[in-house]
Amino acid sequence: MELVCVAEQIEAACAQQTEAALQNLARELGYTDPAKTATNLRLLKEATGDCQLVARLATQALVCADPVLGLNNLERLLDVHTVELFAAVLDDPKQSQQLLTILGASQFLTGILCRQPVYFQELFTNRAIDRAKSEAIMQTELSAKIADTSTFEALQEELRRYKAQEMLRIGSRDLCGLADLIEVTKELSALAGATLQRAYEVCTTLLRSEFGTPMVSPDGDEPIEATFTILGMGKLGGEELNFSSDIDLMYFYLSEKGETTGILSPRSERINIIPAHTYFIKLSDMISKAIGQATEHGFVFRVDLDLRPEGRSGEIAQPIHNALYYYESWGQSWERSALIKARPVAGDLKLGQTLLEELEPFIFRRNLDFAMLEDIKGMKKKIDNRLSRMREGEDNLKLGRGGIREIEFLISALQLIHAGKKSSLRLRSSLAALDQLAREGLIETNIATDLKNAYTFLRNVEHRIQVFQEQQTHNLPTRPEALLALARRSGFADLNSFMAVLNQHRETVATIYHQLFYSGDDELKSEVRPEIDALFDPRTEPEEIKEMLGKWGFGNPEAAYNSLQILKGSTPHRHLTRQARHHMERIAPLLMQEVVDSPEPDMTLANVEQFLSALHARGTYFALLAENHKTMKLLVNLFGTSQFLTRIFIQHPEILDALVSGAY
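Before going into details, it helps to say that this report is about the structure given with it.

Quick notes on the rules
- Counting of residues starts from 1 at the beginning of each chain's written sequence and follows it residue by residue.
- Confidence filtering applies because this is a predicted model: local features only for residues at pLDDT of at least 70, side-chain atom pairs given and counted only at 80 or more, and all residues used for totals across whole chains, interfaces and linings.
- Each side-chain value is derived from all of the structure's non-hydrogen atoms; neither hydrogens nor water enter the calculation.
- Here the nonpolar core consists of buried residues drawn from Ala, Val, Leu, Ile, Met, Phe, Trp, Tyr and Cys, with membership extended through side-chain atoms lying within 4.5 Å.
- Buried residues are those whose accessible area, probed at 1.4 Å on protein chains only, stays under 20% of the maximum for their type, while exposed residues exceed 50% and partly exposed ones sit between those limits.
- Secondary structure follows DSSP: runs of H or I at least 4 residues long count as helices, runs of E at least 2 residues long count as strands, and numbering of each begins at the N terminus.
- Here, residues are in contact when the closest pair of their heavy atoms is within 4.5 Å.
- The term salt bridge refers to a side-chain nitrogen of Lys or Arg lying within 4 Å of a carboxyl oxygen of Asp or Glu.
- Classification of ring pairs uses Phe, Tyr and Trp, with its six-membered ring standing for Trp, and accepts pairs whose centres are within 6.5 Å; under 30 degrees between planes counts as stacked, over 60 as edge-to-face, and the remaining range as tilted.
- Here, a charge over a ring means that NZ of Lys or CZ of Arg falls within 6 Å of the ring centre while also lying within 35 degrees of the ring normal.

Attention shifts here to the nonpolar core. Counting residues in hydrophobic clusters, the biggest one holds 151 residues, and the most contacted among them are Leu99, Leu196 and Ile287. With 13 residues, the top contributor of residues to this core is helix H12 (residues 181-211). Dropping the residues within four chain positions of it, isoleucine 287 is found in contact with Leu196, Ala199, Tyr200, Cys203, Phe228, Ile230 and Tyr251.

Structure representation (structure tokens):
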């Protein structure tokens, strides 16, 4: 419909004050809620007095993710601010289209625009929408806005105002196609880093004004000023934050061996001297509240400290030597995975980097670690089970089948297996790591490309979900109209084409993930003959097992039976971890089948028993054998033909790494 015609109909309907005519016009234009749109058209005409302008805006809004929402939010915006504020933008077709794109896609960003005129002026009048920002620029801007001597309440308020301003800029650039995924996630992460740094600086000033400077003697030498660092984990560490991410943090400081200098009392006495540890606990708590506490102005980022050593039971801030001892003594596989993305984000960055360098032997082990691979499978299985119970597996872009988490698991597992020997793989960015895995030949180039495309698409859709109302969700909408709006926010004209591309990416990811991370239990089971399975059936009587062993060529069925009990991990003196027992249960039937088929089953079984008993890191090697059936068969064949080579393997089980590494 021509703009002139639309303008004339709006003019006539408003002059006659007939809502029905405006509703018919809205219906003809294609609006799905003619009544609401008719009201918006009338109010826009009253606010601007320009039917030609309203006609253009009404047609421009039709390309928004949600045209009804876009026009309604525009009318809402003009209602809370003076029309003069928007005049220049509305007169410019390009800028008015950008404005309608934002208003039709995000209630969250619309809410920011409605709060104060300054947000609109900064975005459009000052054209912040056209500018990218580095973390250094954000830090400079925050230093200008928040004085070193600010109160804690002023710090909280100004951080939240700045967050709103920057979320509006970043989100608008994203929705208007002015920034790609990497730039958007990097800037969101920079915003978190800059606000953390300013919070650290102001909170430090506030604490020192009350307690003085923390001085410590880490090595028993002269006291030095204690420094403090904040490590960003997860998506913050990888510079991959989304629009509603928690920020995972860990707080560390130089040493607890000291105290603060205190402050001078009116009588020139030193007062308020507290232990260094107490000082840094207070500092950590203040920073967490400065960023994460919900106030009348909202929050900056939700703060999650659960990844720290010992989790929720651990101290909120810890000296670095405690962290080193914890990870060296008690660190688990999931903590190694988490630390891959760790990055100093605020405070003393050098101290944070030193800590991470000290932790490299824990994070990146030089020997192949198949136990880690099994841990990742176990974690993914738990996620799958939980989602199945919640009945949202197919709707969850992050945790569901073929989702973001499967890509992240795949990347981190390959990094943990190979980055010990290939330092080039020690990358925090998921997309950069995929590129490097392909360059190293650890995954095929076409697979890396498919995963990158899927990751980019899924993360973009995740952003389009979260930017609507800043909700911390990864689920697809359930209402058809909301799902269509998401499709349009994601750049698709209709729902069917959006779902087709989404499902194709998820199927690709699920297939690749299954190929690389599927459980080999079914394959192992299919390779084992039924009579061998009977040996491991608890219902089979001991005498029946001994009789079977005798028929299969064992000269001493009694000794073979005892060895079999060790192989099954069922003897009292055999202390296997739960994980090691799981791996042994997987490989034992196939191992026994190879033993039975060997020329000298008695010698072979005895050597297998000795080898398995000699292993120290049992879980790791059991997992390795479970994933490499040919290696398992070769090993058993060797144990049945050469005592000399058997002794070498028993004395040096790490040879298995070399035996397998050619396949990786």
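Now for the pattern of salt bridges. Per the stated rule, a full pass over the model turns up 32 salt bridges. Where aspartate 130 meets arginine 127, a salt bridge forms, and the shortest distance between an N and an O atom there is 2.9 Å. Looking at aspartate 130, the relative accessible area reads 42%, which means it is partly exposed. What makes arginine 127 buried here is its relative accessible area of 18%.

What follows is about the packing of aromatic side chains. All told, the structure shown has 13 aromatic pairs when counted by the stated rule. Between tyrosine 200 and phenylalanine 228 the ring centres are 6.0 Å apart and the planes differ by 5 degrees, which places this aromatic pair in the stacked class. In this pair, tyrosine 200 sits in helix H12 while phenylalanine 228 sits in strand S3 (residues 228-232), placing the two residues 28 residues apart along the sequence. A residue is classified by how much of its surface remains accessible, and phenylalanine 228, at 1% relative accessible area, is buried. Here the aromatic rings of tyrosine 279 and phenylalanine 280 are separated by 5.0 Å at their centres, their planes lie at 90 degrees, and the arrangement is edge-to-face. Just as tyrosine 279 is buried, phenylalanine 280 falls in that class too. Taken together, Tyr200, Phe228, Tyr251, Tyr253, Tyr279 and Phe280 form an aromatic cluster joined through their ring pairs. The side chain of lysine 163 reaches across the aromatic face of phenylalanine 299, ending 4.7 Å from its centre.

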